[in-house]
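# Architecture at a glance
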Amino acid sequence: MTTKPKTFFVRTYGCQMNELDSEIMVGQLEKRGLKRVHDESEGDVLLFNTCSIRDLAERKVMGKIGQIGRSKKKQIIGITGCMAMAKKESLFRKLPNVDFVIGTNNITDLDLILDQVIETGEKQIKTDDQFEENLNYLVAKRDDKYKAHVSIIRGCDKFCTYCVVPYTRGQEVSRPPEDIERECRLLAEQGYKEITLLGQNVNSYGKDKPEWRELFHDLLYRLDNIEGIERIRFMTSHPIDITVDLMQAIRDLPSLCEFVHFPIQAGSNRILKKMHRIYTKEQYFEKVALLKEIVPNVALGTDIIVGFPTETEEEFEETLEVFRQVRYSVAFLYTYSPR
């Protein structure tokens with residue numbers, strides 16, 4: 001039997017969805033009586049909630065845990081998140097000091113897995129492919145007192161050729177609108193003023209549940225009625241799925257911020273096809289023009305991958321031309337990460 005832990009440390013890598021998952025796990029650990037510390041050397045349980053979107057993110061985790069392994073202090077080390085789903089059992093071979101691995105679909109199993117590690121002293125792994133739809137988001141322990149992330153849809157069905165998300169977070173699963181509204185009303189009662197709705201593709205919300213007859217723009221109208229919530233943001237939007245109804249909601253709803261993260265990824269149609277982005281540059285421009293017509297003050301953000309395999313200098317110049325035409329307010333720029 002392993003000594004019963006009293007403290008825990010959490011480090012989060014990657015996206016806002018990972019940050020929310022970490023908040024849920026922090027809530028679980030505090031509920032069982034553990035105290036959170038912010039120095040890894042003081043933690044009895046070390047939790048690394050990981051990202052697998054780029055090779056650099058994985059190497060950071062491997063290096064950090066390898067460094068901890070050289071310490072003489074006995075700590076329970078767990079890996080959660082996308083890297084857990086992508087690497088699974090191989091993490092135990094590469095990092096022998098890791099005690100448990102929990103996938104993105106099993107974060108509510110943290111208590112059970114930790115109990116098994118403590119009682120048996122044996123390594124534990126749980127990486128189910130299917131998402132647990134009744135995930136309790138209300139247990140989340142948020143760091144910010146005024147702004148909160150709220151998950152509305154998990155997973156992605158787009159299968160862009162560069163992206164591991166469909167394999168680490170599974171297919172799209174929308175969360176019931178009543179549950180989302182209940183959480184947002186509770187947040188408002190607790191004094192939260194701003195919520196950011198999260199999903200790998202929020203524009204797909206409700207499409208997997210046609211019986212609900214509630215799509216993303218319908219959900220926004222529902223949440224706009226909550227007293228106390230002054231600002232609503234959302235990310236991320238796939239360009240192929242944005243609708244006129246959503247654009248009109250951005251224009252008409254007082255609480256909805258006039259900002260859309262609208263990633264094009266590349267300015268060349270040949271590269272977009274190789275990426276399996278399922279739209280052309282011209283189709284993207286049409287959506288942008290319509291959005292700016294309906295919401296004149298809208299601000300746009302984007303993601304760009306530079307150096308995608310076989311991209312030429314001329315195709316890179318096409319991406320620069322997209323910047324000149326669209327005039328983004330914010331952009332996240334990445335070099336292609338070979339594996």
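Everything here concerns the structure above.
The paragraphs below set out a description of the structure included in this document. (Residues numbered from 1 in each chain as written. Predicted model: local features only at pLDDT ≥ 70, side-chain atom pairs only at ≥ 80, totals over all residues. Heavy atoms only, no water.)

### Details of the sheet that holds strand E14 (residues 330-335)
An order of E12-E13-E14 is seen for the three strands of this open sheet, with the pairing classed as parallel. The outermost strands of the open sheet, each flanked by one partner alone, are strand E12 (259-261) and E14. Going across the sheet, the axis of each strand differs from the next one's by a mean of 10°, ignoring polarity. Relative to strand E13 (residues 299-306), E12 runs parallel, the two being bridged by three bridges. From the neighbouring strand, histidine 261 faces E13, where its bridge partner is glycine 301. Most of the contacts of helix H12 (residues 313-326) go to E13, to which it runs at about 175°, and overall it touches E13 and E14. (Pairing = 2+ DSSP bridges. Helix = DSSP H or I, 4+ residues; strand = E, 2+ residues; numbered from the N terminus. Axes fitted to C-alpha atoms, helices over the stretch in contact; angles between N-to-C directions. Contact = heavy atoms within 4.5 Å.)

### A word on the nonpolar core
Nonpolar side chains tend to gather and get buried jointly when the protein is soluble and globular. In terms of nonpolar packing, the biggest core is built from 54 residues, with Leu197 and Phe216 touching the most fellow members. Apart from residues no more than four positions distant in its own chain, leucine 197 is found in contact with Val150, Ile152, Val202, Phe216, Leu220, Leu223, Ile232, Arg233, Phe234 and Met235. (Core = buried A, V, L, I, M, F, W, Y, C linked by side-chain atoms within 4.5 Å. Buried < 20%, exposed > 50% of the residue type's maximum accessible area, 1.4 Å probe, protein only.)

### Observations regarding the side chain of serine 268
When you line up the elements, serine 268 lands in the loop between E12 and helix H10 (269-275). Overall, the relative accessible area of 2% leaves serine 268 in the buried class. Ignoring sequence-local partners within four residues, the contact set of serine 268 consists of Glu315 and Glu318.

### Quick look at the environment of proline 166
Looking at where proline 166 falls in the secondary structure, it is placed in helix H6 (residues 165-168). The buried category is assigned to proline 166, whose relative accessible area is 9%. In sequence terms proline 166 and glutamate 230 are 64 residues apart; their C-alpha atoms lie 33 Å from each other.

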